[in-house]
Amino acid sequence: MNLCRVNRSSFGIFVRSGLRSLIDAAQGVKPYSTSSSTQEDLGAIHKLVVANRGEIACRVLTTAKRLGVPTVALFSDADRHSKHVKLADEAYHIGGAAARDSYLRADAILNVCVRAGGRSVHPGYGFLSENAAFSESLSKAGISFVGPPAAAIRAMGDKSEAKRIMSAAGVPVVPGYHGEEQSEARLAEEAARIGFPLLVKAVSGGGGKGMKLALNAAQLPEALASAKREAASSFGDDRVLLERYIQRPRHVEVQVIADKLGHAVYLFDRDCSLQRRHQKVIEEAPAPGLTQEFHQHIGEAAVRAAQAVGYVNAGTVEFIVDEGDPQRPFYFMEMNTRLQVEHPVSEEVSGVDLVEWQLRVAAGLPLPALQDAFRAPRGHAFEA
């Protein structure tokens, strides 16, 4: 008897306890991925254009096919014979091998929507998945974006604005300075108020870019200059914010999804503290060694964060936990306004097909289940 299931992809290795599956089967528990969605229910999707490639395109196409949704794949010169092209009902060439010549060309994707009659676009992750202008251009063309509204993408894309919104919504944020005044004198004044060590972070940053540590006041000028240079080069925006440096941090993120009718749920949390150069190496769901009360509080905070910006569809709210404090306070860091690479671990412990729920939400349907249905995770999952 096989007690372990392993899914392998170019993006990692994910393992779920098969024992949990056996217990679920014995108790007659069914995953929420086997919902009552039908092609008729999802009629508003009409025909789905998958604006991505590789593993995530295959992931989206597989669920869409199961639900009876007609699909369209896009491919560059390099992907003409890729698996995702073969999985779709139709496929269209959109340009050269480089992403800037194909998958980052909003005009080419819109052109395919018109030619193929696609009324919905799933962006996957990366490329244009968090591009507010792309979401707006689709909306203006009468095409549904399987993701959040452009306003939510913009609000969460600006770290200073996001933290102001979170504070107003009662979501804890790391003590710091998130103001518009960017003079060296003002930043030095705020740094003294916050105390050292502190982090200088790019307002429009991500992935560790534009982030510098100042251990004391003497290191601040160089940290500011370096962060601003890197931020301007990487994001075209040299604004920075200052935050207290958490010396014993733990990175915990929460999977959320919200519909257009005002419902939102959290599908447990994930620990992604094991990182290399600010890039996640191991994802574990749920985050281990934390109390049930903690899981509930951080999940509820994530839902408040999403609702504060009028969020719709799937997203991930990221928090930093201060392990140096016996109370283990947690603070909002940012929100990823898309499906993430590590979404399968949340699917496994919740029993939800997140892509199916994304399509349901985009079609204007309510979430298939509310928070009471997710009292405890269904086992444990890892992704590397």
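For clarity, every value in this text was computed on a predicted model and none was experimentally measured. The numbering scheme is per chain: residues are counted from 1 as the chain's sequence reads. Under the rules for a predicted model, residues below a pLDDT of 70 receive no local features and side-chain atom pairs below 80 are neither given nor counted, while totals for whole chains, interfaces and linings still include all residues. Only hydrogens and water are set aside when side-chain values are computed; all heavy atoms of the structure are taken into account.

Draft legend 1. Examining the sheet that holds strand β4 (residues 71-76) more closely. A pair of strands counts as paired when DSSP detects no fewer than two bridges linking them. Strands here are runs of E lasting at least two residues and helices are runs of H or I lasting at least four, both read from the DSSP assignment and numbered beginning at the N terminus. Strands sit in the order β5-β4-β3-β6-β7 across an open sheet of 5 strands; the sheet is parallel. The sheet terminates laterally at β5 (90-95) and β7 (144-145), the two strands that pair on one side only. Pairing between β4 and β5: 5 bridges, direction parallel. Bridge pairing in β5 links F75 to H93.

Draft legend 2. Representation of the side chain of H84. Among the structural elements, H84 can be located in helix α3 (residues 83-87). Any pair of nitrogen or oxygen atoms within 3.5 Å is treated as a polar contact; in protein, a donor-acceptor pairing is required on top of that, and neighbouring residues in sequence qualify only through side-chain atoms on both sides. Among the polar contacts made by the side chain of H84, one reaches the main-chain carbonyl oxygen of L74 at a distance of 2.8 Å. Whether two residues are in contact is decided by their heavy atoms: any pair within 4.5 Å suffices. Residues contacting H84, with those up to four places away along its chain left out, are N52, R53, G54, A57, C58, L61, A73, L74, F75, D79 and Y103.

Draft legend 3. Molecular detail of the packing of helix α6 (residues 150-157) against helix α7 (residues 159-168). Angles run from 0 to 180 degrees between N-to-C directions of axes, and those axes are lines fitted to C-alpha atoms, restricted for helices to the stretch in contact. Contact geometry of α6 with α7 gives a least axis separation of 5 Å together with a crossing angle of 100 degrees. Taken together, α6 and α7 sit at an angle that is classed as roughly perpendicular. Two secondary-structure elements touch here, α6 through A155, M156 and G157 and α7 through K159, E161, A162, I165 and M166. Within the contact of α6 with α7, the residues separate by chemical class into 5 nonpolar, 1 polar and 2 charged. Under this scheme an angle from 65 to 115 degrees is roughly perpendicular, one under 35 degrees roughly parallel, and one over 145 degrees roughly antiparallel; angles in between are oblique. Gly is placed with the polar residues, together with every amino acid not listed as nonpolar (Ala, Val, Leu, Ile, Met, Phe, Trp, Tyr, Cys and Pro) or charged (Asp, Glu, Lys and Arg).

Draft legend 4. Examining the packing of aromatic side chains more closely. Aromatic pairing here means that ring centres of Phe, Tyr or Trp (its six-membered ring) are within 6.5 Å. Orientation follows from the plane angle: under 30 degrees is stacked, over 60 is edge-to-face, and everything else is tilted. A complete count under the given rule lists 7 aromatic pairs for this structure. Ring plane angle 20 degrees and centroid distance 5.1 Å describe the contact between Y103 and F127, whose orientation is recorded as stacked. With Y103 in the loop between β5 and α4 (106-116) and F127 in the loop between β6 (120-122) and α5 (132-140), this residue pair connects regions lying 24 residues apart in the sequence. For every residue, the accessible area obtained with a 1.4 Å probe (protein chains only) is divided by the maximum for its type, and the residue is called buried under 20%, exposed over 50%, and partly exposed between those limits. In this structure Y103 comes out as buried when scored by relative accessible area, which is 2%. Ring centres 5.6 Å apart and planes at 75 degrees place the aromatic pair F294 and F330 in the edge-to-face group. Of this pair, F294 sits in helix α10 (residues 292-308) while F330 sits in strand β18 (residues 330-336); the two residues are 36 residues apart in sequence, bridging distant segments of the chain. Judged by its relative accessible area of 13%, F330 falls in the buried class.

Geometric values such as these leave the question of function open.
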